[in-house]
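# Fold and geometry: a report
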Amino acid sequence: MMAPELLAAYRAAHYRVEADPAFDLIPDQLSEALSALHSSHHVRGSAFITAANPASILFDSASNEARAAELEARVQKSGWAFLRGRGIDPKGEWPDEASLLILGISFKDACALAAELGQNALLWNGADAIARLILLRE
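Given the structure is predicted, the values throughout are model-derived calculations rather than measurements.

When helices and strands are tallied, the protein shows 4 helices and 7 strands. Written out in order from the N terminus, the α and β elements of the protein read α-β-β-α-β-α-β-β-α-β-β. Computed over C-alpha atoms, the radius of gyration of the protein comes to 14 Å, within 12% of the 14 Å expected from 2.2 N^0.38 for 138 residues, which places it in the range of a compact globule. Taken along the three principal axes of its C-alpha coordinates, the protein extends 35 × 30 × 30 Å. Burial statistics for the protein: of 138 residues in total, 42% are counted as buried. Carbon and sulfur atoms make up 54% of the accessible area of the protein, which totals about 7400 Å².

Turning to the sheet that holds strand E3 (residues 46-50), a few remarks are in order. Strand order in the open sheet formed by 7 strands is E2-E1-E4-E5-E3-E6-E7, and the pairing between neighbours is antiparallel. Edge strands, defined here as strands with exactly one partner in the open sheet, are strand E2 (23-25) and strand E7 (131-135). The mean inter-strand angle of the sheet, taken between neighbouring strand axes irrespective of direction, is 30 degrees. Bridging between strand E6 (residues 121-125) and E7 involves 5 bridges; their strand directions are antiparallel. Opposite Leu122, over in E7, you have Ile134 as the bridge partner.

Here strand E1 (residues 14-17) shows a clear split, with Tyr15 and Val17 buried on one side and none of His14 and Arg16 buried on the other. Across 4 bridges, the pairing between E1 and strand E4 (residues 81-88) is antiparallel. Across the sheet, residue His14 finds its bridge partner in E4, namely Ile88. Alignment of E1 against E2, held across 3 bridges, turns out to be antiparallel.

Time to look at the environment of His14. Position of His14 relative to the elements: it lies in strand E1. Sequence-wise, His14 and Asp89 are 75 residues apart; in three dimensions their C-alpha atoms are separated by 6.6 Å. Filtering out sequence-adjacent residues up to four positions away, His14 remains in contact with Asp24, Leu25, Ile26, Arg86, Gly87, Ile88 and Pro90. A polar atom in the side chain of His14 sits 3.4 Å from the side chain of Asp24.

The terminal C-alpha atoms of helix H3 (residues 61-78) lie 26 Å apart, and with 18 residues this matches the ideal 26 Å at 1.5 Å per residue to within 8%. By the burial criterion, the buried members of H3 are Asn64, Leu71, Glu72 and Val75. One side of H3 holds all its buried residues, which, seen down the axis, span an arc of 100 degrees. Exposed residues pointing more than 90 degrees away from the buried face of H3 are listed as Ala62, Glu70 and Lys77. In this fold, the buried residues of H3 make contact with E3, E4, strand E5 (97-103) and helix H4 (107-116). The opening residue of H3, the one whose side-chain oxygen lies 3.1 Å from the backbone nitrogen of Ala62, is Asp60.

Basis of the calculations
- Throughout this description, residue numbers start from 1 for each chain and increase along the sequence as written.
- Local features in a predicted model are, by the rule used here, given only for residues with pLDDT of at least 70; side-chain atom pairs are given and counted only at 80 or more, and totals for whole chains, interfaces and linings are based on all residues.
- For side-chain calculations, the full set of non-hydrogen atoms in the structure is used, while hydrogens and water are omitted.
- Strands here mean DSSP runs of E at least two residues long; helices mean DSSP runs of H or I at least four residues long; both are numbered from the N terminus.
- What the globule rule says is 2.2 Å times the number of residues to the power 0.38, and the radius of gyration is computed from C-alpha atoms.
- Each residue is assigned to one of three classes by its accessible area relative to the maximum for its type, calculated with a 1.4 Å probe on protein chains only: buried under 20%, partly exposed between the two thresholds, exposed over 50%.
- With residues, only the protein chains shown are counted as cover, and all accessible areas are computed by Shrake-Rupley using a 1.4 Å probe.
- Strand pairing is assigned whenever DSSP identifies at least 2 bridges connecting the two strands.
- Note on geometry: axes are C-alpha line fits, over the in-contact stretch for helices, and angles between N-to-C directions span 0 to 180 degrees.
- In what follows, residue pairs with any heavy atoms lying within 4.5 Å of each other are defined as contacts.
- N or O atoms within 3.5 Å of each other form a polar contact, as long as, within protein, one can give a hydrogen and the other can take it, and as long as residues adjacent in sequence are counted only when both atoms are side-chain atoms.
- Multiplying one less than the number of residues by 1.5 Å gives the expected span of a helix.
- Summarising the geometry, the arc corresponds to the directions from the helix axis toward the C-beta atoms.

Now the structure itself:
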């Protein structure tokens, strides 16, 4: 069972997409910027995924940087378009986590990728451009 504090931290996080201009995805909120991004890339969904700190265990920065590079290489090889981003803890208790907003990935593929990376959750953004926190481990 996921600790309530951890779930609250996921829900409170800001998921920054480094677009021009940058914008934040907030769980359960519509993002007009994301909707426009989906339209411009002709996709109906996207996922915000990190490779950092699997299972919410704090890894050192070098390990997290290597994991982020591996994720980016894997996404490039798969042919999905992406934008870099970062998960931000507004309380500053966790360091920022390098992440990717992967455009056009299916929900099934996004869940499988995040699970393979050892993540507890991901942010799924469907055609309605509302970011939804998807728990992979309860």
